[in-house]
Amino acid sequence: MSAILTTKGLTVRYGGNVALQPLDLEIPEASLITVVGSNGAGKSTLLSAIAGWSRGKAIQTGDVFLREEDISKRSTVYRANAGVTLVPESHSIFYSLTVEENLTLHRESHREGQRSLEEIYELLPRLAERKKQQAGSLSGGQRQMLAIGRALIANPTLLMLDEPSIGLAPQVIVEILQFVRNLVDSGMSVLLSEQNVTAVLGVSDELILLERGSVLTRGTPDELKDDPRLIDAYLGTES
Ligand SMILES: Nc1ncnc2c1ncn2[C@@H]1O[C@H](COP(=O)(O)OP(=O)(O)O)[C@@H](O)[C@H]1O
Ligand SMILES: [Mg+2]
């Protein structure tokens, strides 16, 4: 299967601190790849680097390809318009705006292939029920769904979600990850980052275990579920 996104020797450092060691990654079309690893492993750094975004003074080397196109030097906006969208850990939704205002805020009327509000509401009926409600009054799970809904407006080819389960109740996590799995089953490619390994085992096609910016191992959930390195990383987040 062809890759939707490829990184070649992608590295990121913040000053002298190397946050991502040279990384070669292929994301096959219509698959759900999950980057797991403890706090500080480099998960957010990787997703941000692919989105062309950084929180601090990140110095990036190596290449990122969207299908055959080298997007390494392209801006975040360019990448988003080309279909690479990141839902950051902080969600980037506006609490003082309503659900519907959040969804329509960055809608560009001239862009082809965008999803309509109706399509988003069809995918996420709970948002439709709350469209006039302020985003700040939503539950944690509903906020995450709203953040995902906003990202889906642009109809991304690669959707990246940075730790979508953070702070959410187990049942809500299951619901969100199943929703994401359904998107993948209907053809979207997703790159997820998670500390919550157990939650993603059942939905991921492949796991990539990061530690201190390096890939320790990668494989299918079946191949890795009993791997002591995965268990270590997981237990590391429990303490
Ligand atoms: N803006 C920044 N400035 C300096 N160092 C950073 C910054 N963001 C992350 N780091 C460092 O990069 C490493 C990876 O961080 P991060 O990608 O946030 O990990 P994760 O998302 O897996 O928790 C850590 O050592 C972290 O301290
Ligand atoms: Mg992170």
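Shown above is the structure to which this text applies.
Figured I'd write up the structure that's included with this text. What you see is a predicted model, and the numbers here were worked out from it, not measured in a lab.

For the rest of this paragraph, the subject is the site of ligand 1. Surveying the vicinity of ligand 1 reveals 13 residues, the closest of which are Gly 40, Gly 42, Lys 43, Ser 44 and Thr 45. Protein burial of ligand 1: of its 560 Å² of free accessible surface, 70% is covered by the chains. Judged by the fraction of its atoms near the pocket grid, ligand 1 is located in the second largest pocket. A total of three residues in the shell around ligand 1 trace back to one element, the largest contributor, which is helix H1 (residues 43-51). When grouped by side-chain class, the residues that make up the shell around ligand 1 number three nonpolar, eight polar and two charged.

A separate point is the packing of aromatic side chains. Using the criterion set out here, one finds zero aromatic pairs in the structure. A cation over a ring is seen here: Arg 143 above Tyr 95, with NZ or CZ 4.5 Å from the ring centre.

Turning our attention to the packing of helix H6 (residues 140-153) against helix H7 (residues 170-185). Where H6 meets H7, the axes come as close as 10 Å, and the angle between the chain directions of the two elements is 15°. The pairing of H6 with H7 is recorded here as roughly parallel in orientation. Judged by the twist between their axes, the crossing of H6 over H7 is right-handed. Along its contact with H6, which presents Gly 141, Gln 144, Met 145, Ile 148 and Leu 152, the element H7 presents Val 172, Glu 175, Ile 176, Phe 179, Val 180 and Leu 183.

To continue, consider H6. Side chains that are three or four residues apart share a direction in an α-helix, a result of its 3.6 residues per turn. Between the first and last C-alpha of H6 there are 20 Å, a value that for 14 residues agrees with the 20 Å anticipated at 1.5 Å per step. With 12 of 14 residues buried, H6 lies mostly within the body of the structure. Among all positions in H6, only Gly 141, Gln 142, Gln 144, Met 145, Leu 146, Ala 147, Ile 148, Gly 149, Arg 150, Ala 151, Leu 152 and Ile 153 are buried. Backbone geometry just downstream of H6 places Asn 155 in the positive-phi region, at approximately 50°.

Here we take up the sheet that holds strand E7 (residues 158-162). Strand order in the open sheet formed by six strands is E6-E7-E8-E3-E9-E10, and the pairing between neighbours is mixed. Both edges of this open sheet fall to strand E6 (84-87) and strand E10 (214-219), since each of them pairs with a single strand only. Here the average twist between neighbouring strands, direction ignored, is 20°. Bridge count for E6 against E7 is four bridges, and the pairing is parallel. Bridging across to E7, Val 84 finds its partner in Leu 158. Where H1 meets the sheet, its contacts fall on strand E3 (32-36), E6, E7, strand E8 (189-194) and strand E9 (206-211), and the angle it forms with E7 comes to roughly 150°. Contacts from H6 reach E6 and E7 within the one sheet, and its direction differs from that of E6 by about 165°.

Conventions we followed
Residues numbered from 1 in each chain as written. Chains lettered and ligands numbered in written order. Predicted model: local features only at pLDDT ≥ 70, side-chain atom pairs only at ≥ 80, totals over all residues. Heavy atoms only, no water. Near = heavy atom within 4 Å. Areas by Shrake-Rupley, 256 points an atom, 1.4 Å probe, with all protein chains shown as cover. 1 Å grid on protein atoms, 1.4 Å probe; cavity = no way out; pocket = protein on both sides within 12 Å on 5 of 7 lines; lining within 4 Å. Sits in = over half its atoms within 2 Å of the grid points. Helix = DSSP H or I, 4+ residues; strand = E, 2+ residues; numbered from the N terminus. Nonpolar A, V, L, I, M, F, W, Y, C, P; charged D, E, K, R; others polar. Phe/Tyr/Trp six-rings, centres within 6.5 Å; stacked < 30°, edge-to-face > 60°. Lys NZ or Arg CZ within 6 Å of the ring centre and 35° of its normal. Axes fitted to C-alpha atoms, helices over the stretch in contact; angles between N-to-C directions. Parallel < 35°, antiparallel > 145°, perpendicular 65-115°, else oblique. Left-handed = near helix turned anticlockwise from the far one by under 90°. Contact = heavy atoms within 4.5 Å. Expected span 1.5 Å × (residues − 1). Buried < 20%, exposed > 50% of the residue type's maximum accessible area, 1.4 Å probe, protein only. Pairing = 2+ DSSP bridges.

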